[in-house]
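# What the coordinates show
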Amino acid sequence: LAKNKVVVRRQDLLTEVVIDPKTGDELREIQLPAGYPKSLRPPRLVERRVSEAELALAAVVAGGTTEIARVAALHPLATLKS
């Protein structure tokens, strides 16, 4: 998850929810103007923690789905080649 460069954001009126790329946790932060110094920003609040088991299950499901789609797409080509 740490290699993921995509930052998922959901915006409300005054806050936004950001997915932490290292842990997968949902963090709520206050929307401030673009020029506001980072050192003065309030800390992000943890909205929801993602457990290790949930991350592992999501990885297994995503990997299995990808493998099934790959085999389904490439099986006709493999049978024609042999």
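Reference entry: report on the structure contained in this document.

What counts as what
- Residues numbered from 1 in each chain as written.
- Predicted model: local features only at pLDDT ≥ 70, side-chain atom pairs only at ≥ 80, totals over all residues.
- Heavy atoms only, no water.
- Salt bridge = Lys/Arg side-chain N within 4 Å of Asp/Glu carboxyl O.
- Helix = DSSP H or I, 4+ residues; strand = E, 2+ residues; numbered from the N terminus.
- Buried < 20%, exposed > 50% of the residue type's maximum accessible area, 1.4 Å probe, protein only.

### Looking at the pattern of salt bridges
- Counted under the stated rule, the structure contains six salt bridges.
- Linking Glu-26 and Arg-48 is a salt bridge whose minimum nitrogen-to-oxygen distance equals 3.6 Å. Of this pair, Glu-26 sits in strand β3 (residues 26–30) while Arg-48 sits in strand β4 (residues 45–48), placing them 22 residues apart in sequence.
- Its relative accessible area of 14% is what places Glu-26 among the buried residues.
- In this structure Arg-48 comes out as partly exposed when scored by relative accessible area, which is 36%.
- Between Arg-48 and Glu-54 there is a salt bridge, with the nearest N and O atoms lying 3.5 Å from each other.
- Take Glu-54: its relative accessible area is 36%, and that puts it in the partly exposed class.
- Three or more residues joined by partner-sharing salt bridges are found here, namely Glu-26, Arg-48 and Glu-54.

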